[in-house]
Amino acid sequence: EPLDVAAVLDDAQRQVAAEAEAKQVRVETAGDKAVVAGRRNDLERLFRNLLENAVRHSPPGGVVRAELKGEGQQWVATVSDQGAGVPESERERIFEPFYRGEQAQAHDPPGAGLGLAIVRQIARAHGGDVALETAAGAGGVFVVRLPAAG
């Protein structure tokens, strides 16, 4: 069904608000109404997973930013944090099911390593994709591209 991704992103932000507040991380969203064809629950999970990941990897007092913008016949959503970043050698592997990077294993609470794999699966099921576009030590910038509806 046609969905406003900005509204879905706002809902995902509300779902991570308590976790962000507990860690003293501010979550900001911005962007225009962005209509894509998709399943609301799936896209909400995609953005919730990205926001939770960004909050988890941000230092206390940090800022997580999620922005939406149109680029031709697609919508681009970026979710950025101020964490340690991901080494280049792991940037593609972090989307593999059950993979947890060296930093995550050393510093994060235990997890299954499924969050980013689910994000990629949902993005691709909606005709888009997700990538990590950042340098190690500069935080994470996840970029989701989804085709615009109609």
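Note that this is a predicted model, so its numbers are computed, not measured.

1. As for the sheet that holds strand β5 (residues 74-80)
Pairing within the open sheet is mixed, and its five strands lie in the order β2-β4-β5-β7-β6. Across the chains shown, the open sheet's two edge strands, defined by having one partner strand only, are β2 (26-31) and β6 (129-132). In this sheet, adjacent strand axes meet at a mean angle of 15° when their direction is disregarded. This element, helix α4 (residues 115-125), spans β6 and β7 (141-147) of the sheet and lies at about 140° to β6.

2. A closer look at the nonpolar core
Formed by 39 residues in total, the largest nonpolar core has its most connected members in L46, F47, L50, L51, V64, I94 and V144. Elements that contribute at least two residues to this core include exactly α1 (5-23), α2 (40-57), β4 (63-71), β5, α4, β6 and β7. Among residues more than four places away in sequence, those in contact with L46 are V119, I122, A123 and V144.

3. Notes on the packing of α2 against α4
Where α2 contacts α4, the two axes come as close as 9 Å, and the packing angle between them is 145°. Once α2 is placed against α4, the crossing between them reads as left-handed. Residues D42, L43, R45, L46, N49, L50 and N53 of α2 lie in contact with α4, whose contacting residues are G115, L116, I118, V119, I122 and A123. Residue composition of the contact of α2 with α4, grouped by class: eight nonpolar, three polar and two charged.

4. Quick notes on α2
The end-to-end C-alpha separation of α2 is 26 Å, in line with the 26 Å expected for 18 residues at 1.5 Å each. Among all positions in α2, only L43, E44, L46, F47, N49, L50, L51, N53, A54 and V55 are buried.

5. Regarding the environment of I118
By the element assignment, I118 lies in helix α4. Along the primary structure I118 and D42 are separated by 76 residues, whereas in three dimensions their C-alpha atoms are 9.4 Å apart.

6. Describing α4
L116, A117, I118, V119, R120, I122 and A123 are the residues of α4 that are buried. Buried residues along α4 sit in contact with α2, β6 and β7. Once α4 ends, the next one or two residues include G127, with phi positive near 80°.

Conventions used here
- Residues numbered from 1 in each chain as written.
- Predicted model: local features only at pLDDT ≥ 70, side-chain atom pairs only at ≥ 80, totals over all residues.
- Heavy atoms only, no water.
- Pairing = 2+ DSSP bridges.
- Helix = DSSP H or I, 4+ residues; strand = E, 2+ residues; numbered from the N terminus.
- Axes fitted to C-alpha atoms, helices over the stretch in contact; angles between N-to-C directions.
- Contact = heavy atoms within 4.5 Å.
- Core = buried A, V, L, I, M, F, W, Y, C linked by side-chain atoms within 4.5 Å.
- Buried < 20%, exposed > 50% of the residue type's maximum accessible area, 1.4 Å probe, protein only.
- Left-handed = near helix turned anticlockwise from the far one by under 90°.
- Nonpolar A, V, L, I, M, F, W, Y, C, P; charged D, E, K, R; others polar.
- Expected span 1.5 Å × (residues − 1).

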